[in-house]
Structures are given as structure tokens and as C-alpha cells.
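Given next are the chains, with one letter for each unit.
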Amino acid sequence: MMLVVNLEGRRWICDVGFGEAFVEPFPLEAGWEEEQDSGVYRLHVEGDEWYMERKEENNWRCLYKFTLEERTFEDFGEMCEYHQTSPSSIFVQKSLCTLQLPRGRLTYIGHRLISTEYTKGGGSVKTTQQLTDEEIPGLLRDKFGIVLSGKLIPKDEDIVIPKTHQPDSSSKLDLNTYLQRIGIADYMALSQTPSLSNLRTIHRHHVLSVPFESLSIHSGEKIVLDVGWIYEKIVLRKRGGFCFENNGLFLWVLQQLGYQPRVLSSSVKNEMTGVYEPPLSHMMMMVELEGRRWLCDVGFGDGIMEPFPLEAGWEEELDCGVYRLQVDEDEWYMQRKEEEVWNSIYKFTLKERTFEDFRELCEHYQTSPSSFFVQKCFCSLRLPGGQLTYMGHRLISTEYTKGGGSVKTTRQLTEEEIPALLRDKFGIVLSGKLTPKDE
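> I'd love a proper account of the overall build of the protein chain, names of residues and values included.
The number of helices and strands found in the protein chain is ten helices and 24 strands. If one aligns the C-alpha atoms of the protein chain with their principal axes, the spans along those axes are about 80 × 50 × 45 Å. Here the protein chain holds 439 residues, and 45% of them are scored as buried. Counted over contacts in the protein chain with a minimum sequence separation of 6, partners at least 24 positions apart contribute 50%. Only carbon and sulfur atoms are counted for the fraction: they give 51% of the accessible area of the protein chain, which is about 22,900 Å². Averaging the locations of the 49 positively and 68 negatively charged side chains of the protein chain gives two centres separated by 3 Å.

> An account of helix α3 (residues 136–144) is needed here, citing residue identities and associated values.
Within α3, burial applies to I136, G138, L139, L140 and F144. The inward-facing, buried residues of α3 contact β8 (96–101), β9 (104–109) and β10 (112–119). Of the residues trailing α3, G145 is marked for its positive phi of about 75 degrees.

> Account for the pairing of strand β18 (residues 321–328), naming residues and giving values.
The side chains of a regular strand alternate, first on one face of the sheet and then on the other. Pairing of strand β17 (residues 315–318) with β18 involves four bridges; the strand directions are antiparallel. Within β18, the residue paired with E316 across the bridge is Y323. Hairpin remark: β17 followed by β18, antiparallel, with two residues in the connecting loop. The pairing of β18 with strand β19 (residues 331–338) spans seven bridges and is antiparallel. Bridge assignment links V327 to a residue of β19, and that residue is W332.

> Which residues make up the nonpolar core, and what values do they have?
Counting 68 residues, the largest nonpolar core has Y178, F242, F244, L295, M334 and F348 as the members making the most contacts within it. Tallying contributions element by element places helix α7 (residues 243–256) first for this core, with eight residues. Not counting residues within four places of it along the chain, the set of residues in contact with Y178 comprises I202, H206, V235, L249, F250 and V253. Residues L215, C377, L388 and F426 belong to the second largest nonpolar core, which totals 14 residues.

> Can you break down the packing of helix α6 (residues 227–236) against α7 residue by residue, with the values?
It is the contact of α6 with α7, at a shortest axis distance of 9 Å, that shows an interaxial angle of 105 degrees. With respect to α7, the axis of α6 lies roughly perpendicular. Each of V227, W229, I230, Y231, K233, I234 and V235 in α6 lies in contact with α7, whose residues at this interface are F244, E245, N246, G248, L249 and W252. Taken together, the residues of the contact of α6 with α7 sort by class into nine nonpolar, two polar and two charged.

> Requested: an account of the side chain of Q387, with residues and values cited.
Relative to the elements of secondary structure, Q387 occurs in strand β22 (residues 386–391). At 2.5 Å, the side chain of Q387 and the side chain of S380 are in polar contact. The residues contacting Q387, other than those within four sequence positions of it, are G301, S380, L381, R382, I396, S397, T398 and Y400.

> Explain the sheet that holds strand β7 (residues 59–66) to me, using residue names and the numbers behind them.
In space, the four strands of this open sheet follow the order β4-β5-β6-β7, with antiparallel pairing throughout. With partners counted over all chains shown, the strands left at the sheet margins are β4 (33–36) and β7, one partner each. With strand direction ignored, the average angle separating the axes of adjacent strands in the sheet is 25 degrees. Bridge count for strand β6 (residues 49–56) against β7 is seven bridges, and the pairing is antiparallel. Note on β7: the bridge partner recorded for E56 is N59.

> Which residues make up unusual backbone geometry, and what values do they have?
At E8, a residue that is not glycine, the phi angle is positive and equals roughly 55 degrees. With respect to the element layout, E8 can be found in the loop between β1 (3–7) and β2 (10–14). Positive phi, normally seen in glycine, also occurs at Q260, with a value near 55 degrees. Take Q260: it is sitting in the loop between α7 and β13 (262–268).

> Go over the sheet that holds strand β16 (residues 308–309) with me, naming the residues and quoting the values.
Pairing within the open sheet is antiparallel, and its eight strands lie in the order β16-β15-β14-β13-β20-β19-β18-β17. Single-partner strands in this sheet number two, and they are β16 and β17. Relative to strand β15 (residues 292–296), strand β14 (residues 282–289) runs antiparallel, the two sharing five bridges. Paired with M285 across the bridge in β15 is C296. With respect to the sheet, helix α5 (residues 196–209) is in contact with β14 and β15, its orientation differing from that of β15 by roughly 10 degrees.

> Go over the packing of α5 against α7, please, and point to the residues and values.
For the pair α5 and α7, the least separation of the axes is 12 Å and the interaxial angle reads 155 degrees. Compared by their axis directions, α5 and α7 come out roughly antiparallel. Crossing hand, α5 versus α7: right-handed. Residues L199, I202, H203 and H206 of α5 touch α7, and the partners they reach there are N246, L249, F250, V253 and L254. For the contact of α5 with α7, the residue count by class is six nonpolar, three polar and no charged.

> Now, about α7: what can you tell me, with residues and values included?
The terminal C-alpha atoms of α7, which comprises 14 residues, lie 19 Å apart, in line with the 20 Å expected from a rise of 1.5 Å per residue. With twelve of 14 residues buried, α7 is to be regarded as a mostly interior element. Here α7 has its buried residues at C243, F244, E245, N246, N247, G248, L249, F250, L251, W252, V253 and L254. Two residues or fewer past α7, G258 is found with a positive phi of approximately 85 degrees.

What counts and what doesn't
- Each chain carries its own residue numbering, running from 1 in the direction its sequence is written.
- Totals for whole chains, interfaces and linings use every residue, but because this is a predicted model, local features are given only for residues with pLDDT of at least 70 and side-chain atom pairs only at 80 or more, for both listing and counting.
- As a rule here, side-chain values cover all heavy atoms of the structure and leave hydrogens and water aside.
- Only runs of H or I of at least four residues qualify as helices and only runs of E of at least two qualify as strands under DSSP, and these elements are numbered from the N terminus.
- Residue exposure (1.4 Å probe, protein chains only): buried if accessible area is under 20% of the type maximum, exposed if over 50%, otherwise partly exposed.
- Pairs of residues are marked as contacts when any of their non-hydrogen atoms sit within 4.5 Å.
- Surface exposure here means Shrake-Rupley accessible area, sampled with a 1.4 Å probe, where a residue is shielded only by the protein chains that are shown.
- Positive charges come from Lys and Arg, negative ones from Asp and Glu, while His and the chain ends are left out of the count.
- Where a charge lies is defined by one atom per residue type: Lys uses NZ, Arg uses CZ, Asp uses CG and Glu uses CD.
- Paired strands, in this sense, are two strands between which DSSP finds at least two bridges.
- We call a set of buried residues a nonpolar core when its members are Ala, Val, Leu, Ile, Met, Phe, Trp, Tyr or Cys and they connect through side-chain atoms within 4.5 Å of each other.
- All axes here are fitted lines through C-alpha atoms, helices being fitted over the stretch that makes contact, and every angle between N-to-C directions spans 0 to 180 degrees.
- To sort the angles, those under 35 degrees are grouped as roughly parallel, those over 145 as roughly antiparallel, those from 65 to 115 as roughly perpendicular, and the leftovers as oblique.
- The residue classification treats Ala, Val, Leu, Ile, Met, Phe, Trp, Tyr, Cys and Pro as nonpolar and Asp, Glu, Lys and Arg as charged. All others, Gly included, are polar.
- For this analysis, a polar contact is any N or O atom pair within 3.5 Å, provided that within protein one partner can donate a hydrogen and the other can accept it, and provided that sequence-adjacent residues contribute only side-chain to side-chain pairs.
- Each helix crossing is assigned a hand: it is left-handed if the near helix lies turned anticlockwise from the far helix by less than a right angle, otherwise right-handed if that turn is clockwise.
- By definition here, a helix of n residues has an expected span of 1.5 Å times n minus one.

Below is the structure:
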């Protein structure tokens, strides 16, 4: 984030929040070059993009690029969260404090104190001093005027570059390939006219074939809210995903088959706290068919196995348990029976959403320390009458019994056993190293 000020017939960039940027306001003029106490800087323009560059010895290095599109302070909320939680953020990987001096800079990072003296024309001379844990609080106080209220954990780790898999640009999303992925041999086996029977078949096959999992988050892969990327991951690489991935792909499938689904959002109830998550914490769909409305949701760990009638008070026993819908004014509650107790899974309204509405929460759930998906490394797959779940160092087998009951057995796992278990039980082979987690 930076600012532009119009003053005395010129535009000026103001930026007091970048570690090695200019010290004084900088003219917003293409080609402008200027030497300040902190170095030599210049601006150049390509199309509508401006590039701020800094001279280092005889080379120009780009610090950042920008456009002149005006923003609000609130626009930066999502990235503020990202930069303090993501492994790819320098602020997460390095504990640092840096202060500009006249013709120099003083920087604390990890267990180092770096003193930089700038020379004319873009040069610099650096000296480094190693620090012990005991020296750091006094150094921060004496050199930077900072006294922390909490205990500092010095950190100076490599930045983790998220691995992303890009689909082959020549390949296209193919409905038959998806149907084969979920165990339906051929699109021609389905009537091309939308029907409840076909909807049930596709919904059920998806839930029984595609895991609900957070493995990407714990193996260095960034989740991208793009249907092409999700198709490549789930269909071609035979992976699973969380709700935005599973239901995002299923949205495309239903559209291809002519069902005209409407996207809905819900607030998931946190089992540990009893508090509902934000309104866009879960994505699902509604389909109108044969005179009734049906909820479709293939992306919830212990949710419905088949389309569920969107009718107040409706109660139904499926392979995976007993469910019902309750309504309070304009809020609907999806509940699941566990033994003799009804527990709310999530609540929702019938306000229509778009797939793009979930981008912020998709980022939040794969980076925030408060996210279930960050705290727990898991993979769960529905079975006829049961469920198989890998979590951390455990394998949990669940058998559902009539009336909402269940019987669970748990087996402890070593780290060496986990890759083969994911391959043999869930059909998943990861491209990155998995870090088991169950916090």
C-alpha cells in the first residue's frame, strides 16, 4: 500500500512503509530518476503499469510495480491476514526490524544485526554482527527504541514458494473424464435431460470417489479458486479438496449437464466452540427439479450423501446418517443426528452467490492459524455405510448404524506409513513432502 498526493502542479508518491524505498516524496513522472539518502531510484512505465526501481551498484532492481487505480484502506484486509499467516510471507519466515538512517540503514533479522552505509551512485557497504537470544531485547531497546510486551521468537527461515500445478493449456475440461473419475463409465450412460435420478447418481458417486482433504495446505501447494486448476487437481491428478474445490467442480458439472444450479453460502458451526463461522465459510448449491428444490453438497466432511429436499422440517436417513432441515425466519439449519442428539452442521439463507464470492475465505482457510484446515492435516472419504479418515498420525474408521449412531476405531500411524496409506486407501500420491499435523 502507498499513497499519491497532488501538490503544486505535480503528483508525488508517498511511501513510508517499504524497507528499502525512498526517504522523501518521489515525483510520479515516467522516466524520473533521483538520488536520495537511501539510494538512487527511477520510475518507468509500460502500458498502464508503473515500475519503481532502485539502483544497486550498476544494476537496476525492481522494487514493485503498480497502477493508478484508486483503492481504499479496507481493500488490504485480506493481504494483511495473508502476510502474517502464510509460509510464503517474509513477515512469517523472518523476525525483522529495520530503520533508515541518514545515508544508511540498521537492520535486525533473526540472529543478525546488519549495518548498511550507502555510497554515491547506488553503492553500499554492509557489516554483519551475530547475536545471541539474550542480546536481542537490549539491542531492540537501544538501537530501535522498541520494548516488546511478549516474548520474541527469533526467526530467519527460507521463504516457502508455494507449488502450483498449471493445467496443460492445450487440454480442455472434459465431462466424460470427470465421470470416469467418479466411477461412471460414460456420459452417454446418463440421459442428457436433467433428472432427479441422474442428479442422485452423480452426487453420490462424487462423494464416494473424491476425498474431502486439506493435504495441499500441508505439502506446499497453494489452492487456487479456478475451475480449470481444480479440474486438473481432482480429475487428472485424482486428488480431493475442501468445499470450495469439490463444490466448485460440481458446480461446473451441473452447469454442463443443464441443471442450472444456484450457488448458496453457509456459516459452518465450529464443533469445538459452538460458534458459527463467517457467512461465506461453506459453499453449496440449490437445484430446482421436478417441482421441488434440492440442496447439493459434495464438499462437506460429514454432510449429505445425496441431494436433500429443501423443505422446512424435512427429515431423512441416508447411508451416512440422519439429517433434517429447520427454519428460523430466513435462516435454514442443516442438522445431523448423533445418537439421540440433533447437532447443527451449518446455517444458511437462500441468497444467491457466485463462485468468486468465496475467494477471500479460500485464502483465509489455507493460511490462518485459526483455520481447521491449517491446524489439521487430514483426508476423509465416504464409504457405503461408513467413512475412512486420515488425520495427523491417526487412521479413523467409522461405521454408521441405524438411527444416527456410529462405531469408530482408531489406529496410530508412523510418518513412514502415511504416504503408502494415502496411496492405497485414498488413491492419493502427493508431489510435495507432507507435514502431518493435528493441533
